Amino acid sequence: MGYLPKNFKVLAYFIILVSSPLYHTNAQSFEDLINSYIDNNASGYLRPIADLATANMCTGIREWSKIDTHFYIRVGVVGSYSFPSQKMKSFSGKTGLGFEPEQEVKVPTIIGANEAIAVEGVNGTYFVFPVGYAVKALPFIIPQISIGGIYHTELTGRFFAIDLKNDYGKIQTFGIGFKHELNGYFPRLPFDLAVGYFYQQFKLGSYMSTNNQLVSIHIGKSGRRCSSHIVLGYI
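Residues numbered from 1 in each chain as written. Predicted model: local features only at pLDDT ≥ 70, side-chain atom pairs only at ≥ 80, totals over all residues. Heavy atoms only, no water.

All chains considered together, the criterion is met by four salt bridges. Across the salt bridge formed by E154 and R74, the nearest N and O atoms sit 3.4 Å from each other. Here the residue E154 occupies a position in strand β7 (residues 153-163), and R74 occupies one in strand β1 (residues 72-82), the gap between them amounting to 80 residues. Judged by its relative accessible area of 2%, E154 is buried. Each of D68, R74, E154 and K179 takes part in salt bridges that share partners, so that together they form one network. (Salt bridge = Lys/Arg side-chain N within 4 Å of Asp/Glu carboxyl O. Helix = DSSP H or I, 4+ residues; strand = E, 2+ residues; numbered from the N terminus. Buried < 20%, exposed > 50% of the residue type's maximum accessible area, 1.4 Å probe, protein only.)

Now for the side chain of Q144. Structurally, the position occupied by Q144 is in strand β6 (residues 138-150). Excluding anything up to four places from it in sequence, Q144 contacts G60, R74, V75, G76, V78, T156, G157 and R158. (Contact = heavy atoms within 4.5 Å.)

Here the focus is the confidence of the model for the protein chain. When pLDDT is averaged along the protein chain, the result is 78, and 76% of the positions lie at 70 or above. Model confidence for the protein chain, summarised as mean pLDDT per element, is weakest for helix α1 (residues 6-19) at 46 and strongest for strand β3 (residues 104-108) at 92. Confidence drops under a pLDDT of 50 for residues 1-30, and excluding neighbours within four residues, the segment shows 59 contacts in the predicted structure. (pLDDT = per-residue confidence, 0-100.)

Evaluated as defined, the whole model comprises three aromatic pairs. Between F99 and F127 the ring centres are 5.7 Å apart and the planes differ by 65°, which places this aromatic pair in the edge-to-face class. Here F99, found in the loop between β2 (90-94) and β3, pairs with F127, found in strand β5 (residues 126-129); they are 28 residues apart in sequence, far enough to count as distant. No difference in accessibility class separates F99 from F127, as the two residues are buried. (Phe/Tyr/Trp six-rings, centres within 6.5 Å; stacked < 30°, edge-to-face > 60°.)

Right, here's the structure in full:
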């Protein structure tokens, strides 16, 4: 366990605001809570919210392996939820900062139970582990447009931005990618085959920038009455 970068603090702050029933918690009290935890416990406490946020970033890429030969434009909205597992709601926290005796206790992560855990030490002292925010699900929604039918290729883009009008600046999500059908190069293939690539970035003002990339293979067969497709991806 080591120092957790500032961008995880800001990401956690944003996610709690939009998905926690305690969204009315003021920024100062939340910052106080996070700052009190930037020690050896920081990674275990904040990591689950970062994992939930980045898990959704490539959601909504169209899985169809066959690309229409005529020109088309599709406009829509991608929406999904990430549900935390029970394992993500707690971690083994350690007392520190000279607290005696040193102890290791199962305590809430930032998405865990809304209850503080207090550990008694010598001379009537207590070490208090901060509460979680009882996050039940993390929503994800973003407009998306796809353009296809050009040289057996489909291009997809997505963008969303909102200005919080405070010290945290603008939230911005941007993504772009493509899918290219390979059957034109292998006309005897008994199935449809395509490859894809997608890049997405999440930014919050000047505090953080995180991104991921998805490489995918799309295999399937389209019929008049029934179609089936399999997608293999690597992030």
